[in-house]
Amino acid sequence: MNRILIAALLAFAYVVVPLALGSNAYVVGLIVAALTIGGIAIAWALLGNLGGMVSFGHAAFFGIGAYVSALLTLRAGWPVFPSMLVAGFGAAIASIATMPALRLRGPYFALAILAYAEIFRILATELKPITGGAAGLLSIPRLPNVLGLDFGSKLGGYFVILTIVVAAMVAYDLIRRSPYGLALKAMHDSEDATRVVGVNSTMLKAWMLAVSAFITGMVGAFNAHYINFLEPDYAFAGQWTTLAIVSAIFGGYRTVSGPLLGALVVYLVDQLAFKPILPQGHQIVLGVLLGAMILFSPGGLMPLLLSRLSRKEASHAA
Amino acid sequence: MSRKLPNVSVLALSLMLGAVPSIASEIKIGAEIPLSGNLARVGGAMNEGIQVAAEMFNKKNGKHTVKIMTVDDESSPAKAVGAVEKLAADGAVAFTGGYGSNIIGPASEAAEKLGKVYVTSGGVASELTKRGLKTFFRINSSDGYARALMGMFSEMGIKSVAVVYSTKEATEEVAKMLQAGLGPRGVKVTMHAFDPATNDFKPIIHKIKLQDRPEAIAMIGYENDYVGILRAAKVLKPDIKTIAGVWSLATSKMAAEFPDLMENVSGTSTLSYPAEFTTPEAREFAETYQKMFNKAPDYLGIFGYVQSKLLFEAVARATDAGTVDKGGVAAEMRKTQSDTVIGKVRFDEAGDNPEFTHRMGQHQNGKVVLVWPADSATGKVRYPAVPW
Amino acid sequence: MLELILQSLFSGVLSGAYYALIALGLALVFGTMRVINLAHGELVLLGAYISYTAEEKLGLDPLASLPLALAVVVATAMAVYYLVSLIKKDRELNSLILTFGIGVILTNAVLMIWSADIHSATTAWYHDAVIPFDILFAMQAELVFAGIGIVLVGAVWWWLEKSWYGRALRAVASNRDAAKLMGVNPQLTEVLSFAVSGLLATVAGIAIYTAKVIQPAMGHHLTVKAFIITVLAGMGSVPGVLLGAVLLGVVESLTVTMASSALQELAGMVLFLVVLLLMPSGLFGRAKRRG
């Protein structure tokens, strides 16, 4: 994508969207929720695309980030933004506990991470003195007022999550273009070959896992301060993982922008279009979308759009 | 990348907003309820009560009618907030519904921001009414459940209780209240937490049977847990004098589906079953419920009905006074002094109903008989008595 | 205390046999096709709900509903197989996501058809007590289905080891092309393994409906349990499924007896991770490289 297009999209997201929709709390709320899913989806896709690992337990990192930030602000009186950053590191540190799973292949890794998420959830329920147990944490501080900007408002929340998501995409793109990204790409083709040329593949995978956990933890922390409530079942809910997977697969997890596109389309279409038609059980549509995408375009929506676009251009040129 | 989204949402939004011209005497009420996800069952039951309340209100109240607009919150806090905002955008003047304290929390805060009343019966956490909200009301609380259970136990003269509870938020809270409330009365309490996914309760009941040897077992869980616990107890036959629980237990549904399992089991209850309705309102309620849903009302439906009815009346009064947009609904809610199907209801400053006490019902020969407190009892308690 | 532990072991073994029933179908498809069917728990659930409908509407005993439930579940399993077979590349991971999507569809379909109410068999006989040696306690249904579970594990083991089809199945699993050369139709064998897996899911569903309580949201939980057991068992080990399931059942019930039921899921997950990370071929599997 060229720079002008990116600048235009950023301007659109930061200026046009707030101006056009800012007064409608409902739609802004939906977009914030979609961006939240999008943030996890980007982190998930980074691990899947660069690390070659499918995770079924990103809720683990989401929940840890949420709890770290909520506890720092509630119990230690920290300001919100630094807490969110530390929450990212907390999730990255927690990911070290999951790193033994890195030597597992494919589905084993996916479900090992799921087990970790489950273990963290039970620990959060049982460590009552720290986490408040099943009753959870209430009245988690909102996002603050900084320099006259009220980030605690709906629109403020939008700017914060938008910035997290944009930063995650920039980081993803930088890693992808770096020598490490190239090494990771080579690793897909042949792990043994990369080992021969001196790339420590396990170390690289571990870094990708930590980065992915960091982003997910930040998103989890954002959500805790945005919703102001936290309980183990919610913080470690499977839906944080599943919605992110659906989004990433749908949008195309091998691209940087695909997961975000997927999250926006899946979440907003689900909520705005399918929910009014099928008040109960409209998630069935998510299952259908996911299945159809895997069968007919395993690369996702983004590559599909791009190939359409380039075919059109090709025919114009001809 | 994000260019596609606003087009979609703006389009969908204009479709939704454009389609609702308002009719003068019709008042729009928003219902935010879980109809899917893990709270779908309880949400569905509450929804039935809300629909019955609207039907009855519209039938007898010539001047105003209410229109219920329902949005499924999918058992998710963020979607509950979204539901409240969407309903407000569609013209709802107040909200009824909500299930689960963690969902009601953010949803009612969203309603507070909009300055609109939110009334519920689905969240019993005591924190909910400690937030200083001006527009939050609920007709029940975990206190009431724990009080009823303890009241019955102390009337029976029970000296030791084993509490078996699910590690969920509401169940844990009631269990802790029992522990805190029974201890000072000289009752020996032992606590047994179980994971919500547990389906074999024999090891727990066995521990209770051999180690605790209590006079009573208190179950704080949900329907599937009760069935599992009672089946395990029926197999192990611990030497107890009574077994009791809280919500979803002394219900017509349990009596009909698991008759042999429920005999002599007690639980919090609002109505006897088959309901012996003493007031015309209660009779009409049961008839309407039967007509609309082809079944007898359960306690969730009753709560949904009462909370909505009180809300409709308050909204109607505020409409007459022309104060709906000036916080009049909340003011009218605070004036509520009503004798309802669940007993007296009034609201304190925090929005709690200080009158709320549950009754205890006991399954007897396929019926639910109210056995506590004495002044609303419809029969004699069987004690000592167990299902085996 | 001894009495508690004995009962706990007994309960654990019974739970294990019931877990084995749930896990066997998943393990079979995984062992033969390298496909983890994440909709397996939902197939079990579907069987359970058909059994419920048969009891509720037709007055059938849960076991008598087997033919009806079998027809529906196996047909659904066939549909799952057909969709999975459409996947052309990267089948291991893509099938994971596809079957996950199918699981979401089935869960919501069950919710829409049967609502979120809980159900369980009402035939009292199944829930009556059996008290072997005067100190061990169980429900009749638990003994019945533990017996059925053990028999089915034995039957599947015999089928895979001794019958021609079974050997063909294993041949396809280890080398598809070579099997083709030997005159085995790989597609047919895969269909067969899915069909048998559907049969096992049906029986598991009836067991759950009879002995436990069913609700629409439990499918995913069942799949996860089944996968844990498959890992404990090790790839391709049918007797391992039974042993792994019993181990899980015993660890869970001992956790309840020694500590608290609130920790039982934790114990299961930790056992799963320890075996997964330290014993790459499972407890009872043939040595296979996994990492």
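Only a predicted model underlies this, so the values are computations on that prediction, with no experimental measurement involved.

1. Observations concerning the overall build of chain C
Point 1. Scanning chain C from terminus to terminus reveals 11 helices and two strands.
Point 2. Listing each helix as α and each strand as β along chain C from the N terminus yields α-α-α-α-β-β-α-α-α-α-α-α-α.
Point 3. For 291 residues, the compact-globule formula gives about 19 Å, and the C-alpha radius of gyration of chain C, at 19 Å, lands near that figure.
Point 4. Projecting the C-alpha coordinates of chain C onto the three principal axes gives extents of approximately 60 × 45 × 35 Å.
Point 5. When the 291 residues of chain C are sorted by exposure, 60% land in the buried category.
Point 6. Taking all contacts inside chain C whose residues are at least 6 apart in sequence as the whole, residues at least 24 apart take part in 75%.

2. A few points about the overall build of chain B
Point 1. Of the regular secondary structure elements, chain B holds 13 helices and 14 strands.
Point 2. Against the compact-globule benchmark of 21 Å for 388 residues, chain B has a radius of gyration of 22 Å, which places it among compact chains.
Point 3. Taken over 388 residues, chain B has a buried fraction of 62%.
Point 4. Here the analysis covers contacts within chain B between residues at least 6 apart in sequence; of these, 69% occur between residues at least 24 apart.

3. What about the interface of chain C and chain A?
Point 1. Between chain C and chain A, the contact holds 31 residues from the first and 32 residues from the second.
Point 2. Top element by residues in the side of chain C that touches chain A is helix α4 (residues 91-114) of chain C. It accounts for 14 residues.
Point 3. Across the side of chain C that touches chain A, the residue classes break down as 24 nonpolar, four polar and three charged.

4. Brief notes about the confidence of the model for chain B
Point 1. Here chain B averages 87 in pLDDT, while 93% of its residues score no lower than 70.
Point 2. Every residue in residues 1-24 of chain B is under pLDDT 50, and counting partners more than four places away or in other chains gives 32 contacts.

5. So, helix α2 (residues 25-50) of chain A
All names here are of chain A.
Point 1. Taking 1.5 Å per residue, 26 residues should reach 38 Å; α2 reaches 37 Å between its end C-alpha atoms and fits that length.
Point 2. In terms of burial, α2 is largely enclosed, as 26 of its 26 residues are buried.
Point 3. Looking one or two residues past α2, Gly52 carries a phi angle of roughly 70°, positive in sign.

6. Comments concerning the domain arrangement of chain B
All names here are of chain B.
Point 1. According to the domain assignment, chain B contains domain 1 (4-141 + 279-345) and domain 2 (143-275 + 359-376).
Point 2. Counting from both sides, the interface comprises 13 residues of domain 1 and, opposite them, 15 residues of domain 2.
Point 3. Listing elements by their share of the side of domain 1 that touches domain 2, those giving two or more residues are α4 (101-114) and α12 (299-321).

7. Thoughts on the interface of chain B and chain A
Point 1. The partner chain A presents 39 residues to the 31 residues of chain B that form the contact.
Point 2. Across the side of chain B that touches chain A, the residue classes tally to 13 nonpolar, seven polar and 11 charged.

8. Regarding the nonpolar core
Point 1. One finds Ile42 of chain A, Val315 of chain B together with Leu21, Ala23, Leu24 and Val241 of chain C to be the most contacted residues of the largest nonpolar core, which totals 366 residues.
Point 2. The element best represented in this core is α2 of chain A, accounting for 20 residues.
Point 3. The residues contacting Val315 of chain B, other than those within four sequence positions of it, are Ile27, Val93, Ala94, Val324 and Val329 of chain B.

9. Notes on the sheet that holds strand β4 (residues 117-120) of chain B
All names here are of chain B.
Point 1. On the basis of which strands lie adjacent, the open sheet formed by five strands has the order β2-β1-β3-β4-β5 and parallel pairing. Every interior strand has two partners, whereas the edge strands, β2 (65-72) and β5 (136-138), have only one. Between one strand axis and the next, the sheet turns through 25° on average, direction left out of account.
Point 2. Where strand β1 (residues 26-33) lies against strand β3 (residues 94-97), four bridges are found, and the strand directions are parallel.

10. Digging into the packing of α4 of chain C against helix α9 (residues 219-233) of chain C
All names here are of chain C.
Point 1. Contact pair α4 / α9: the axes reach a minimum separation of 10 Å and the direction vectors enclose 140°. In terms of their interaxial angle, α4 and α9 are classed as oblique. Within the contact between the two elements, α4 uses Gly103, Leu106 and Thr107 and α9 uses Gly219, His220 and Thr223.
Point 2. Within the contact of α4 with α9, the residues separate by chemical class into one nonpolar, five polar and no charged.

Calculation rules
Residues numbered from 1 in each chain as written. Chains lettered and ligands numbered in written order. Predicted model: local features only at pLDDT ≥ 70, side-chain atom pairs only at ≥ 80, totals over all residues. Helix = DSSP H or I, 4+ residues; strand = E, 2+ residues; numbered from the N terminus. Rg over C-alpha atoms; globule rule 2.2 N^0.38 Å. Buried ≥ 20, exposed ≤ 12 C-beta atoms within 10 Å, placed from the backbone. Contact = placed C-beta atoms within 7 Å. Nonpolar A, V, L, I, M, F, W, Y, C, P; charged D, E, K, R; others polar. pLDDT = per-residue confidence, 0-100. Expected span 1.5 Å × (residues − 1). Domains from an automatic or database assignment. Core = buried A, V, L, I, M, F, W, Y, C linked by C-beta atoms within 7 Å. Pairing = 2+ DSSP bridges. Axes fitted to C-alpha atoms, helices over the stretch in contact; angles between N-to-C directions. Parallel < 35°, antiparallel > 145°, perpendicular 65-115°, else oblique.

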